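One-letter residues, chain by chain:
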Amino acid sequence: MGRVLALDVSLALVLGLVVVVATRGQAMFDGASPHGGPPFGPGYDGQGFPPQGSALGAGAYVTIVAAISATALRRVAPRVAFVGCAVAVLVFLALGNPYGPMMFLLAFVTFSAGAHLPPRRFLPWTVVLVGVVLAGHASAPYLGLTDLGAILGQVGALFGFGVAAAFGMLLRARRESVGRERAAELDRHAYSERLRIAQEVHDVVGHSLSVINMQAGVALHVLEKRPEQSAVALEAIRATSKEALDELRGTLAVFRDATEPGDAPAPPLAGLARLDELVESVRAGGRRVSRDVEGDPSNVSATVDHAAFRIVQEALTNAVRHAGDASVWVTIRYGAERLVVDVTDNGLADPAQPPRDGNGLAGMRERAEAVGGWLRAAPRTAGGFEVHAELPVNRERERGERET
């Protein structure tokens, strides 16, 4: 607020100086002097400009100072500034001074008021502009309304004020429109971020709970006959739950303000480097899972690597939940441009029945599309289910090439 006021005061002083100089010049050339005659009329001695021709009355200076003071408040108190400047100009004209630079000062304040006040609060006050225009012909019969020249001058002045007000309101409308667009963009970004975090939580919790449920079933099954095997299952449950908690903490860490002292940096995104760990967690529950990795993973961006890992994780979770006692094959192929992910099983899926597109399948598709790839998930003709995804190796590089 203080900086805005300081800038507006400085601008008002500059404009005020211009108005004073221009008004003095106008008074000299238009004959607005104490003797009431033209500047080169009777009493002129032929030596330069007549001294009295550049004089302004004390009332004119008072009204100019008042108008300048009002202009300095144009953003701090726009309505006060507008009304104050309008009254100052009205008095200036009523004192017998002609239209001139003061009108431009009022037009500037009118523009500013239109730009900073809602129309419903600004437009009713513009009626004072009619009084300002009529005050310029206060000494004429019927305020000049019987003189065509005076009427044209009044109409021109009102038109100028109207243009200034319209430009101000257009500027305000544009600023509000940009603000709404920015707010909507921030809302969309916040919603996308919440959706991303929800998907992360779903993937972490869904997979971990499925593995824990499977291992708990094994522990209960062998509890009496082979208690040592149940201890292995319980240890796997403990390890899986700890891993899930660690991942959840990492995912939810994005809510913390990273600038707060003592905040640990967010852990790196989970990627296919943890594929063996993921496969072993499913094997520990008694499922038969094989993996095959081909190619060089060094060119894969972290974002794409993370998306591929979550796709494999969700596909294995679905296999644990729905494929029964089936075998699962995970194949990762790194190419020069594409990363191919295949997760298939020989479970009970019926090729004649399309899969129900729940959160898991929708989430996998969204992850693939988010990095510029695609995903297909459907029952196989030979039986079982297949998830096939193709992702660009480097999403950031691909986006840059497309933009250029």
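Residues numbered from 1 in each chain as written. Predicted model: local features only at pLDDT ≥ 70, side-chain atom pairs only at ≥ 80, totals over all residues. Heavy atoms only, no water.

1. Quick word on the overall build of the protein chain
Along the protein chain, the regular secondary structure elements total twelve helices and five strands. A total of 404 residues make up the protein chain; the buried ones form 39% of that total. For the protein chain, long-range pairs separated by at least 24 residues make up 70% of all intrachain contacts whose partners lie at least 6 apart in sequence. (Helix = DSSP H or I, 4+ residues; strand = E, 2+ residues; numbered from the N terminus. Buried < 20%, exposed > 50% of the residue type's maximum accessible area, 1.4 Å probe, protein only. Contact = heavy atoms within 4.5 Å.)

2. Section: the packing of aromatic side chains
The tally for this structure, following the rule as stated, stands at one aromatic pair. Ring geometry for Phe82 and Phe122: centres 5.5 Å apart, planes at 70°, overall edge-to-face. Taken as a pair, Phe82 in helix α3 (residues 78-94) and Phe122 in helix α5 (residues 119-122) lie far apart in primary sequence, 40 residues in all. Of the residues examined, Phe82 reaches a relative accessible area of 1% and is grouped as buried. (Phe/Tyr/Trp six-rings, centres within 6.5 Å; stacked < 30°, edge-to-face > 60°.)

3. Digging into the environment of Val76
Tracing the backbone shows Val76 in the loop between α2 (58-71) and α3. Considered as a pair, Val76 and Leu5 are 71 residues apart in the sequence and their alpha carbons are 6.7 Å apart.

4. Here's the deal with helix α9 (residues 275-283)
Three or four residues apart is the spacing at which side chains of an α-helix point the same way, because the helix has 3.6 residues per turn. When α9 is considered as a whole, its buried residues turn out to be Leu275, Leu278, Val279, Ser281 and Val282. Each buried residue of α9 sits inside an arc of 155° when the element is viewed along its axis, so together they form one side. (Arc of directions from axis to C-beta.)

5. Things to note about helix α10 (residues 302-322)
If you check α10, its first and last C-alpha atoms are 30 Å apart, about what 21 residues at 1.5 Å a residue would give, namely 30 Å. Among the 21 residues that make up α10, 17 are buried, leaving the element largely enclosed by the rest of the structure. Looking one or two places after α10, you find Gly324, whose phi comes out positive at around 65°. (Expected span 1.5 Å × (residues − 1).)

6. Side note on the packing of α3 against helix α4 (residues 101-116)
Contact geometry for α3 and α4: axes closest at 9 Å, N-to-C directions at 160°. Regarding the angle of α3 to α4, the classification is roughly antiparallel. The interaxial crossing formed by α3 with α4 has left-handed handedness. Each of Pro78, Ala81, Phe82, Cys85, Ala86, Ala88, Val89, Phe92 and Leu93 in α3 lies in contact with α4, whose residues at this interface are Met102, Met103, Leu105, Leu106, Val109, Thr110, Ala113 and His116. Taken together, the residues that form the contact of α3 with α4 break down as 15 nonpolar, two polar and no charged. (Axes fitted to C-alpha atoms, helices over the stretch in contact; angles between N-to-C directions. Parallel < 35°, antiparallel > 145°, perpendicular 65-115°, else oblique. Left-handed = near helix turned anticlockwise from the far one by under 90°. Nonpolar A, V, L, I, M, F, W, Y, C, P; charged D, E, K, R; others polar.)

7. Describing the environment of Val343
One can find Val343 in strand β3 (residues 338-345). If we skip the residues at most four places from it in the chain, Val343 touches Val312, Ala315, Leu316, Val328, Trp329, Val330, Phe385, Glu386 and Val387.

8. Focus on the pairing of strand β2 (residues 327-334)
Most of β2 is tucked away: six of the eight residues are buried. By the bridge criterion, seven bridges tie strand β1 (residues 288-294) to β2 in an arrangement that is parallel. Residue pairing for β2: Glu294 is matched across the bridge by Arg333. The parallel pair β1 and β2, bridged by α10, forms a crossover whose chirality is left-handed. Here β2 runs beside β3; their pairing, made up of seven bridges, is antiparallel. Looking at β3, one finds that Ile332 is bridged to Val341. (Pairing = 2+ DSSP bridges. Right-handed = clockwise from strand over helix to strand, strands pointing away.)

9. Re the side chain of Arg172
By secondary structure assignment, the location of Arg172 is in helix α7 (residues 148-222). Contacts of Arg172, omitting those with residues within four sequence positions, involve Gly114, Ala115, His116, Leu117, Pro118 and Pro119.

10. Here we look at the pattern of salt bridges
Once the charged atoms of two side chains with opposite charge are near each other, the side chains can pair. Per the stated rule, a full pass over the model turns up nine salt bridges. For Arg274, the salt bridge goes to Glu277, with nearest N and O atoms at 3.5 Å. On the basis of relative accessible area, Glu277 is assigned to the partly exposed category, the value being 37%. The residue Arg333 makes a salt bridge to Asp342 at a minimum N-O spacing of 3.4 Å. On the basis of relative accessibility, which here comes to 31%, the residue Arg333 falls in the partly exposed class. Exposure remark for Asp342: the relative accessible area of 10% places this residue in the buried category. Among the charged side chains, a network of salt bridges with common partners joins Asp8, Arg74 and Arg75. (Salt bridge = Lys/Arg side-chain N within 4 Å of Asp/Glu carboxyl O.)

11. What about the packing of α3 against helix α6 (residues 127-135)?
One way to put it is that α3 packs onto α6 with a least axis distance of 8 Å and a crossing angle of 20°. The orientation of α3 relative to α6 falls into the category roughly parallel. The interaxial crossing formed by α3 with α6 has left-handed handedness. Where α3 approaches α6, its residues Phe82, Ala86, Val89, Leu90, Leu93 and Ala94 are matched on the opposing element by Val128, Leu129, Gly131, Val132 and Ala135. Of the residues belonging to the contact of α3 with α6, the class tally is ten nonpolar, one polar and no charged.

12. Digging into the pairing of strand β4 (residues 374-379)
Here β4 pairs with strand β5 (residues 385-392) via six bridges, running antiparallel. Paired with Trp374 across the bridge in β5 is Glu390. A loop of five residues connects β4 with β5, the two strands running antiparallel in sequence, and Gly383 in this loop sits at a positive phi of about 105°.

13. Side note on the confidence of the model for the protein chain
Looking at the protein chain as a whole, its pLDDT mean stands at 78, while 79% of the residues score no less than 70. pLDDT under 50 marks residues 257-261. Its contacts with residues more than four places away, or in other chains, come to two contacts. Throughout residues 397-404 the model reports pLDDT below 50, and contacts reaching past four residues in sequence, or to other chains, amount to six contacts. (pLDDT = per-residue confidence, 0-100.)

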